[in-house]
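# Report on the structure
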Amino acid sequence: MNIIEDIKYNFRQKDNGLVKIILINIIVFVVLAVLKLILKVSGLEGLFYELYSMFSLPAEFSKFIFRPWTLVTYFFTHSMDDLFHIIGNMLFLYWFGKIISEYIGNRRLVNLYLLGGIFGGLIFLFLFNVVPFYVHKSLGVTLVGASGSVCAIVVAAATLVPHYKFNLLLLGPVKITYIAAFFVVMSLIGSTESNAGGNVCHLGGALFGYLYISQLRKGRDLGRPINFIANTLKNIGKPKMKVSYRSNQQAIKGKVISQEEIDRILDKINQSGYESLSKDEKEKLFKASEK
């Protein structure tokens, strides 16, 4: 089938993290939807929801300790009763993920998605097990959806390039900072309503997105643990090679570019936009983002 070959092709491509994340979310949704249909027709719908709960992040810590993997699986799983849940998340992930991928690289986009989701999930667990207002609501509550990860990417993009504009239908050009602020305010308002769990997760993801870019400007990449794990898994079974590193520096075409130079380029983007960069600056930023 062509669709299977297309999926295989996209997963074989390097520097294709955004498409891979979207595909994983869609594949998980389709598999769960087909499984739900089969079990419902077979009169075993209850079994489906038992299986579905194994992917959802429970608010009660007493349940979470027996399902720790849900801190990751929940942000690849979406509501089976609301198609817009996954469609909305994937659209915003694509639009804002393209910005992150273009400006600071594919690997950092993946790190933001994973760590933003984990951080949002931890905030959800903390509040629903410590703060009395949320503890009273925690019984039977579970969390699914990529919204926390997406909010991390939206706020990270707004922090990285605050003057970037989207042309919105009926509204025209709107700064990315206003869009991100809208998401944060709506999540803050909803943090005590019926979807309190989802909204506090959004806020946690948004906070991580801001922290990630703020620390990156200071030369600290919060995604290094993810890079280390990925490289370790990638190099399992391969012969060891000696690699030398330069602290806070990248070699580009025989030249060494410092972290200060990278920060200067990012500041220029903030002030004047990506288009103001020279060809050499764009190349330096692109090469540095691959490290």
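Owing to the predicted nature of the structure, the values given are computational and were not obtained by experimental measurement. (Residues numbered from 1 in each chain as written. Predicted model: local features only at pLDDT ≥ 70, side-chain atom pairs only at ≥ 80, totals over all residues. Heavy atoms only, no water.)

### A look at the overall build of the protein
If you tally the helices and strands in the protein, you get 14 helices and six strands. Burial analysis of the protein (291 residues in total) assigns 44% to the buried set. With an accessible surface of roughly 16600 Å², the protein has 65% of that area assigned to carbon and sulfur atoms. (Helix = DSSP H or I, 4+ residues; strand = E, 2+ residues; numbered from the N terminus. Buried < 20%, exposed > 50% of the residue type's maximum accessible area, 1.4 Å probe, protein only. Areas by Shrake-Rupley, 256 points an atom, 1.4 Å probe, with all protein chains shown as cover.)

### Side note on the confidence of the model for the protein
Low pLDDT means the predicted atomic positions in that stretch should not be read closely. On average, residues of the protein carry a pLDDT of 87, and 86% of them reach 70 or more. Contacts from residues 243–254, a stretch scored under 50 in pLDDT, to residues over four places away or in other chains number 23 contacts. (pLDDT = per-residue confidence, 0-100. Contact = heavy atoms within 4.5 Å.)

### Section: the pattern of salt bridges
Scanning all chains against the criterion turns up three salt bridges. Note that E60 and K63 form a salt bridge whose closest N and O atoms lie 3.3 Å from each other. When its relative accessible area of 15% is taken as the criterion, E60 is described as buried. Ionic pairing is found between D221 and R108, a salt bridge with its closest N-O pair at 3.2 Å. One end of the pair, D221, is in the loop between α11 (196–217) and α12 (224–234); the other, R108, is in helix α7 (residues 106–130), with 113 residues separating them in the sequence. We note that D221, like R108, is buried. (Salt bridge = Lys/Arg side-chain N within 4 Å of Asp/Glu carboxyl O.)

### Some words on the packing of aromatic side chains
Enumeration according to the criterion identifies 17 aromatic pairs in this entry. For the pair F48 and Y49, a centre-to-centre distance of 5.1 Å together with 75 degrees between the ring planes defines the contact as edge-to-face. With a centroid separation of 5.1 Å and 45 degrees between ring planes, the pair formed by F128 and Y134 is classed as tilted. For F128, a relative accessible area of 2% translates into the label buried. Of the residues examined, Y134 reaches a relative accessible area of 8% and is grouped as buried. (Phe/Tyr/Trp six-rings, centres within 6.5 Å; stacked < 30°, edge-to-face > 60°.)

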